Amino acid sequence: MTATAADGSVLYVAGWGRSGSTLLAHLLSSVPGIVALGEVRSLWDRGMLEGRPCSCGQPADACPLWSEVIRRSGITRAEAEEARALHRRLRTRYFPRLAVRRLLGRRDPAMERYVACYRRVYAAAFEVTGARALVDISKHPFEADRLCRSPDVRAVHLVRDPRAVAFSWGRTKATGEDPAGAGDAEETMRRFGPLAASAMWLVWNLAVEILLGRRLHRVRYEDVVAAPERVVSEIVDRAAPAGGGDQSQAGPVGIAGQHLLAGNPDRFRGMRPVQADVEWASGMSSADARLATLPALPLLARYGYPLAPGRARRRGWSG
Ligand SMILES: [Zn+2]
């Protein structure tokens, strides 16, 4: 069996969290034949083992898309448990170890099994949706590196001004994923202070750049909100061009609506008009903006972001 549909491609969005990947997924999925899956790397734990809801509100095993993807991929509960355990080996604290292993070109049979599971999910998702391209916003640099060794998986590197990203990580935000009967304490998303959020921004973006290099198509959140149609068409032209096949047959087959797994709780609100989130420009203190600038300095100019936090904020205001 081929790992993915013959002429389909997967757009794997890599980068650090809170950079607008859910918005980008929504935009890409407005293109006929492109289906956004959300964070596929969360299928094992949040989807299969914890029963968290997909953006349609149903847990994965009841969602019309994910239940069918799970069934056709043949991923068992034991495999999901193994994949969850393997994914834990990709945590940020293990990046140095992973980098050394990558540098030395050592084989890693456990990771190969993980990637094989992952590719079974992609293959099943192509079958179920009939899509010509799938969007996976899992964002992980090492996962992207492994998956994008196959020519049908293309990396899209999404970056956003680190001050905006740090502001978002500092906010209390409900996951919106509380299972029924989970009690009265609403579950909230993980938080980071401005320094830590920005340090993670640097580490993850650097890792993406070093590991994927020329294989990347880079996109800035600020450009996505300023000119969504142009950015989306550039991604599609470069990474998911319409194949020579009969594209009139492309598109979701018998599955309505969006089915984004894990990620930003905004996914539960569905597609809305594109609006730049500039709350940080007025809501972030000057001290926090300075803290969020420091760790990010080595990459700010590369991505075209102002070094001075005040200038960044003024630019944020103007959208
Ligand atoms: Zn669903």
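Calculation notes
- Residues numbered from 1 in each chain as written.
- Predicted model: local features only at pLDDT ≥ 70, side-chain atom pairs only at ≥ 80, totals over all residues.
- Heavy atoms only, no water.
- Helix = DSSP H or I, 4+ residues; strand = E, 2+ residues; numbered from the N terminus.
- Buried < 20%, exposed > 50% of the residue type's maximum accessible area, 1.4 Å probe, protein only.
- Areas by Shrake-Rupley, 256 points an atom, 1.4 Å probe, with all protein chains shown as cover.
- Expected span 1.5 Å × (residues − 1).
- Arc of directions from axis to C-beta.
- Contact = heavy atoms within 4.5 Å.
- Axes fitted to C-alpha atoms, helices over the stretch in contact; angles between N-to-C directions.
- Left-handed = near helix turned anticlockwise from the far one by under 90°.
- Core = buried A, V, L, I, M, F, W, Y, C linked by side-chain atoms within 4.5 Å.
- Donors = N, O, S within 2.8 Å, 3.2 Å for Na, K, Ca; no water.
- Tetrahedral: all angles 85-135°; square planar, octahedral: opposite > 155°, others 65-115°.
- Pairing = 2+ DSSP bridges.
- Patch = residues over 30% accessible without salt bridge, like charges linked within 9 Å, V, L, I, M, F, W, Y side chains within 5 Å.
- Salt bridge = Lys/Arg side-chain N within 4 Å of Asp/Glu carboxyl O.
- Phe/Tyr/Trp six-rings, centres within 6.5 Å; stacked < 30°, edge-to-face > 60°.

Enquirer: Just checking my understanding: could you explain the overall build of the chain for this structure?
Expert: Along its length, the chain carries 15 helices and five strands. Within the chain, buried positions represent 52% of all 319 residues. Total accessible area on the chain is roughly 14400 Å²; 53% of this is exposed by carbon and sulfur atoms.

Enquirer: What exactly am I supposed to notice about helix α4 (residues 77-88) here?
Expert: Along an α-helix, residues three or four apart share an orientation, since each turn contains 3.6 residues. Relative to the 16 Å expected for 12 residues at 1.5 Å per residue, α4 spans 17 Å between its end C-alpha atoms, a close match to the ideal helical length. Among all positions in α4, only A80, A83, L86 and H87 are buried. Here the buried residues of α4 occupy an arc of 125° about the axis, which is enough to place them on one side. Contact partners of the buried residues in α4: α2 (43-49), α6 (109-129) and α7 (141-147).

Enquirer: So what exactly am I meant to see when it comes to the packing of helix α8 (residues 162-170) against helix α13 (residues 286-293) here?
Expert: When two helices pack together, you describe them by how their axes are tilted relative to each other and by the distance separating the axes. Across the interface, α8 lies against α13 with an axial gap of 9 Å and an inter-helix angle of 115°. You can see that α8 and α13 cross each other, and the crossing is right-handed. The segment α8 lies against α13, with P162, R163 and A166 engaging A289, A292 and T293.

Enquirer: I tried to follow the nonpolar core on my own but got confused; where do I start?
Expert: One recurring pattern in soluble globular proteins is that nonpolar side chains are buried together. Counting residues in hydrophobic clusters, the biggest one holds 75 residues, and the most contacted among them are Y12, W44 and W66. The element contributing the most residues to this core is α6, with 12 residues. With residues near it in sequence (within four places) discarded, W66 still touches L37, V40, L43, C54, A60, V121, H259 and L261. Listed in part, the 23 residues of the second largest apolar core include L24, L27, A36 and A240.

Enquirer: Where do I start with the coordination of the zinc ion in this structure?
Expert: Reference values for angles at a metal are 109.5 degrees in the four-donor tetrahedral case and 90 or 180 degrees in the six-donor octahedral case. Protein coordination at the zinc ion: the donors are C54 (SG), C56 (SG), C63 (SG) and H259 (ND1), at 2.1 to 2.4 Å from the metal. Around the zinc ion sit four donor atoms, and with donor-metal-donor angles ranging over 96 to 117° the site reads as tetrahedral. Every donor residue of the zinc ion comes from the same chain, spaced as C-x1-C-x6-C-x195-H. With C56 in the loop between α2 and α3 (64-73) and H259 in the loop between α11 (228-239) and α12 (279-283), this pair connects stretches of sequence that are 203 residues apart.

Enquirer: Looking at this structure, how should I read the sheet that holds strand β1 (residues 9-14)?
Expert: Think of a sheet as strands paired side by side through backbone hydrogen bonds, with each pair either parallel or antiparallel. Read across the open sheet, the five strands follow the order β2-β3-β1-β4-β5; overall the sheet is parallel. Across the chains shown, the open sheet's two edge strands, defined by having one partner strand only, are β2 (34-38) and β5 (216-220). Taking the axes of each pair of neighbouring strands and ignoring which way they run, one obtains an average angle of 25° across the sheet. The sheet contact formed by β2 and strand β3 (residues 133-139) spans four bridges and is parallel. Looking at β3, one finds that I34 is bridged to A133. Contacting β1, β3, β4 (153-159) and β5, helix α9 (residues 194-212) runs over the sheet at an angle of about 145° to β4. Its contacts with the sheet place α11 against β1, β2, β4 and β5, and it is angled at close to 175° to β5.

Enquirer: Please explain the pairing of β3 as it appears in this structure.
Expert: Consecutive residues of a regular strand have side chains that alternate between opposite faces of the sheet. For β3, the buried fraction is high: seven of the seven residues fall into the buried class. Here β3 shows a buried face lined by A133, V135, I137 and K139 and a second buried face lined by L134, D136 and S138. Alignment of β1 against β3, held across five bridges, turns out to be parallel. Its bridge partner lying in β3, L11 is registered against V135.

Enquirer: I keep staring at a nonpolar patch on the surface and nothing clicks. Help me out?
Expert: On the surface, a cluster of nonpolar side chains totalling about 430 Å² of accessible area is made up of L195, L291, L294, L297 and L307. As for its position among the elements, L307 is in the loop between α14 (297-300) and α15 (309-317).

Enquirer: In this structure, what is going on with the packing of aromatic side chains? I would like to understand it.
Expert: Geometry of an aromatic ring pair is reported as the spacing of the ring centres plus the angle between the planes. Overall, the coordinates contain 11 aromatic pairs when judged by the stated rule. Measuring from ring centre to ring centre gives 5.9 Å for W44 and Y118, while their planes differ by 75°; the resulting arrangement is edge-to-face. Of the two residues, W44 sits in helix α2 while Y118 sits in helix α6, which places them 74 residues apart along the sequence. Among the residues examined, W44 registers a relative accessible area of 0% and is labelled buried.

Enquirer: Quick question: what am I supposed to make of unusual backbone geometry here?
Expert: Keep in mind that most residues, glycine aside, have a negative phi and that most peptide bonds are trans. A positive phi angle is found at R18, which is not glycine, with a value near 65°. Relative to the helices and strands, R18 is located in the loop between β1 and α1 (21-28). For R18, a relative accessible area of 11% corresponds to the buried category. Non-glycine residue K139 carries a positive phi angle of around 70°. Residue placement: K139 occurs in strand β3.

Enquirer: Is there a simple way to think about the environment of L158 in this case?
Expert: With respect to the element layout, L158 can be found in strand β4. Residue L158 is classed as buried on the basis of its relative accessible area of 2%. Along the sequence, L158 and V208 sit 50 residues apart, while their C-alpha atoms lie 9.9 Å from each other.

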